[in-house]
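# Examining the three-dimensional arrangement
One letter stands for each residue in the lines below.
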Amino acid sequence: MRGATLIKVVAAAFVAIASGCTDNKQGEVRGDGPATAVPADDEINLDLWLERLEVGSRELYSAREEVVEALSLEEGGVVADIGAGTGLYSLLFAEAVGPTGRVFAEDIEPLFLDLINRRAEDAGFHNITAVFGREDDVTLPNDAIDVVFIADTYHYFENREDVMKSVYRSLKPGGSLVIVDYDLEPGAERPSDKSHIRFGKAGVISEIEFIGFEFAEEPEVEGLNDNYLVRFVKPAE
């Protein structure tokens, strides 16, 4: 199942968010079990959950502004955030492309999409469209996207070839695919919390090129040390 590990980590939290916010405008939730690492009797608010889920990504959170800058987004552009999760980057992209642009926040978990819609509304963004994807298809319109962004998600894809073929179809000719993910050095011991990551940067580049993308660059992004950022281009027709 695409994203199964990630969903197990946070599903209990968002079930609580979805149910708890119905009666509590402040968004208090209950977390339980090892997936949330919070005792069943403890109550925490939505802001705390977002802090745990987003700041917990460490580099991807702390270097978020530098990552967005590396994408060189243009006002009026169309961006797809694949595996958008809590919407951290979707919101940043919405600000970068401005009201004439569009952000497609795609995920296979409806609770994430509900959260993104709520956060967009609270922030006053009207240029974010939540997209319910499938395990083998990002379900985006063909030849419609300027930049596709996949952060800390590619290694969760189990049907990577079909997913990336759908990403390829969604990009405009000449459009960019940006992947940010954790690197595994050849021969290096894999950290216990990264056991689900099957291969590093070289393997990702090889798979993406097999789909038909052209490798463009690996810009140096301040704040990214354990993670890498690589950009590919869909060849112009």
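Nothing here was measured: the structure is a model prediction, and the numbers come from that model. (Residues numbered from 1 in each chain as written. Predicted model: local features only at pLDDT ≥ 70, side-chain atom pairs only at ≥ 80, totals over all residues. Heavy atoms only, no water.)

Moving on: the overall build of the protein chain. Within the protein chain one finds eight helices and nine strands. Evaluated residue by residue, the protein chain yields a buried proportion of 48% over its 237 residues. Partitioning the intrachain contacts of the protein chain with sequence separation of at least 6 by distance along the chain shows that 68% fall at a separation of at least 24. For the protein chain, the exposed area adds up to about 11,700 Å²; of that, 46% sits on carbon and sulfur atoms. (Helix = DSSP H or I, 4+ residues; strand = E, 2+ residues; numbered from the N terminus. Buried < 20%, exposed > 50% of the residue type's maximum accessible area, 1.4 Å probe, protein only. Contact = heavy atoms within 4.5 Å. Areas by Shrake-Rupley, 256 points an atom, 1.4 Å probe, with all protein chains shown as cover.)

What follows is about the packing of helix 4 (residues 64–71) against helix 5 (residues 88–97). At a minimum axis separation of 11 Å, helix 4 and helix 5 run at an interaxial angle of 50°. Classed by the angle they form, the pair helix 4 and helix 5 counts as oblique. Handedness of the crossing formed by helix 4 with helix 5: right-handed. Seen from helix 4, the contacting residues are Arg64, Val67, Val68 and Leu71; seen from helix 5, they are Leu88, Tyr89, Leu92, Phe93 and Ala96. (Axes fitted to C-alpha atoms, helices over the stretch in contact; angles between N-to-C directions. Parallel < 35°, antiparallel > 145°, perpendicular 65-115°, else oblique. Left-handed = near helix turned anticlockwise from the far one by under 90°.)

Aromatic rings in a pair are described by how distant their centres are and how their planes are angled relative to each other. Under the defined criterion, the tally for this structure stands at six aromatic pairs. Between the aromatic rings of Phe215 and Phe232, the centroid separation amounts to 5.7 Å while the plane-to-plane angle is 75°, which identifies the pairing as edge-to-face. Here the residue Phe215 occupies a position in strand 8 (residues 214–217), and Phe232 occupies one in strand 9 (residues 227–233), the gap between them amounting to 17 residues. Residue Phe232 is classed as buried on the basis of its relative accessible area, which comes to 0%. Three or more aromatic residues joined by ring pairs form one cluster here, namely Tyr89, Phe93 and Phe149. (Phe/Tyr/Trp six-rings, centres within 6.5 Å; stacked < 30°, edge-to-face > 60°.)

What follows concerns the nonpolar core. Within the largest apolar cluster, 27 residues are counted, with the highest numbers of intra-cluster contacts made by Val67, Leu71, Phe93, Phe149 and Val180. For this core, the elements supplying multiple residues, two or more each, are helix 4, helix 5, strand 4 (102–107), helix 6 (110–123), strand 6 (145–151) and strand 7 (171–182). Broken down by element, this core gets its largest block of residues, six residues, from helix 5. When neighbours within four sequence positions are excluded, Val180 is seen to be in contact with Leu60, Val67, Phe149, Ile150, Ala151, Asp152, Leu224, Asn227, Tyr228 and Leu229. Counting 26 residues, the second largest nonpolar core, distinct from the first, contains Leu140, Ile150, Val167 and Val204. (Core = buried A, V, L, I, M, F, W, Y, C linked by side-chain atoms within 4.5 Å.)

Before going further, it helps to spend a moment on the pattern of salt bridges. Here the structure, examined in full by the defined rule, presents nine salt bridges. Note that Arg134 and Asp136 form a salt bridge whose closest N and O atoms lie 3.6 Å from each other. Since its relative accessible area comes to 46%, Arg134 is described here as partly exposed. Asp136 gets classed as partly exposed once you look at its relative accessible area, which sits at 34%. With its nearest N and O atoms 3.1 Å apart, the salt bridge here joins Asp143 to Lys234. With a gap of 91 residues between them, Asp143 in the loop between strand 5 (128–132) and strand 6 and Lys234 in the segment after strand 9 connect regions that are remote in the sequence. Residue classification places Lys234 among the buried residues on the basis of a relative accessible area of 4%. A single salt-bridge network, built from bridges that share partners, covers Arg134, Asp136, Asp137 and Arg169. (Salt bridge = Lys/Arg side-chain N within 4 Å of Asp/Glu carboxyl O.)

On to the confidence of the model for the protein chain. Counting all residues, the mean pLDDT for the protein chain is 80, and 69% of those residues have values of 70 or more. Considering only residues more than four positions removed or in separate chains, one finds that residues 3–44, a stretch of pLDDT under 50, has 64 contacts. (pLDDT = per-residue confidence, 0-100.)

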